[in-house]
Amino acid sequence: MSSRQDLMKYLGSMQQVAYVRPVTYMEGRSSGLKAYEVKNGRMSYQILADKCLDICNLSYKGINMNFLSKPGMQGRNHYDTNGEEAIRSIMGGLFFTSGLENICAPCTIDGVEYPMHGRIRTTPGEHLSADAHWEEDGYRLSVKGEMREAALFGENMVLRREIVSIFGEKTITVTDEIENESYREEPLMLLYHINMGYPFLDENTRLYVPTQSVTARDSDAEGHEAEYDRMDAPKDNEAEYVFIHDMKKDAKGNTEVLVINEPLGLGLRVAWNTEFLPYFMEWKSTASGDYVIGLEPSNSSVYGRPYHEEHGNVHKLAPFAKEKNQLTFTVLDGEEEITKAVASYQKTYGL
């Protein structure tokens, strides 16, 4: 429809086609979990108010696009940040936020424990708000709030997040501002763990990554670097592969990854700026039941806090300093949109 007036001739309420609704899950591990359900035409997604405003399920035309791990939907648990036990609470979803003191493997440094993928991913939101209203650029669907990672005599870090989409468009924009509200310099480790899953992800799915070089994280991934951009059929008990990419970027520092399933006629473009996210890792698991590709823009290495401590280059934020990141997720629908996106990608990065 070309305008608000034209569209609303067909509707009793905008909620027929677009809304933001607070919901609470009622059973199993997700019992009590508060979230926002967002419908934007043919696209729908859930934002977890109790878990860092991370986006859980993304679907388009009823087709699921993200991975969800074996425990399924779940709220906050007593074991969320208990070392290796964290793997029992990592759901996947479209993305979860890792940090803010550590990413990736758990570790202990100077007697202080840092859990797997950090604490922020299970931190509940505060000052939450949601809205759906008309603006000049269209019908705007938004959710925002802040998450605080803090301790007595310790850090006081705040992540302020807003998630926006416009009705009729297929892009979700996530804008994060991280501020150090303590009176000392603080480590800031941040990784966006983006997770693709079935049926969007299958052996027909291909990645377009503007990489200059690919390095295996460990011996399990060695020898598989040439297949980083192709998904295989599931294999029972196959090891996970993690690849480290040296990404190309445009003149403004922007970069992107395309995930394309041509037979399904569906794709996803993930774009961000590398100023505060200079690292990119890929997690590829073809194991039966753990079938997923993870895209991981980050400000730190996959080797986590110990690696940066050893090399003396832990990323830090000065007192009351701020950093801002913006990620966009754009659904590509059909051959024409996919072809156009691939051509733009190839032109931008000279591929």
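Structure: see above.
The structure contained in this document is the topic of the report that follows. (Residues numbered from 1 in each chain as written. Predicted model: local features only at pLDDT ≥ 70, side-chain atom pairs only at ≥ 80, totals over all residues. Heavy atoms only, no water.)

## Topic: the side chain of H308
Position of H308 among the secondary structure elements: in helix α2 (residues 304-311). Classification of H308 by relative accessible area gives buried; the value is 2%. If near-sequence neighbours (up to four positions away) are discounted, H308 is found in contact with M189, Y279, S300, S301, N313 and V314. (Helix = DSSP H or I, 4+ residues; strand = E, 2+ residues; numbered from the N terminus. Buried < 20%, exposed > 50% of the residue type's maximum accessible area, 1.4 Å probe, protein only. Contact = heavy atoms within 4.5 Å.)

## Side note on the packing of aromatic side chains
In total, this model carries 10 aromatic pairs according to the counting rule given. With 6.4 Å between their ring centres and 85 degrees between their planes, F67 and W283 make a pair best called edge-to-face. Separated by 216 residues along the polypeptide, F67 in the loop between β5 (63-64) and β6 (95-100) and W283 in strand β20 (residues 279-287) bring together distant segments of the chain. Judged on exposure class, the residue F67 and its partner W283 are both buried. Relative to F243, the ring of Y241 lies with its centre 6.4 Å away and its plane at 55 degrees, an arrangement referred to as tilted. Per residue, the accessibility class of Y241 equals that of F243, and both read buried. Through successive ring pairs, a cluster of aromatic residues spans F95, Y192 and F329. If you follow R21 out to its NZ or CZ, it ends over the ring of Y19, 3.6 Å from the centre. (Phe/Tyr/Trp six-rings, centres within 6.5 Å; stacked < 30°, edge-to-face > 60°. Lys NZ or Arg CZ within 6 Å of the ring centre and 35° of its normal.)

The quantities given are spatial measurements derived from coordinates; they are silent on function.
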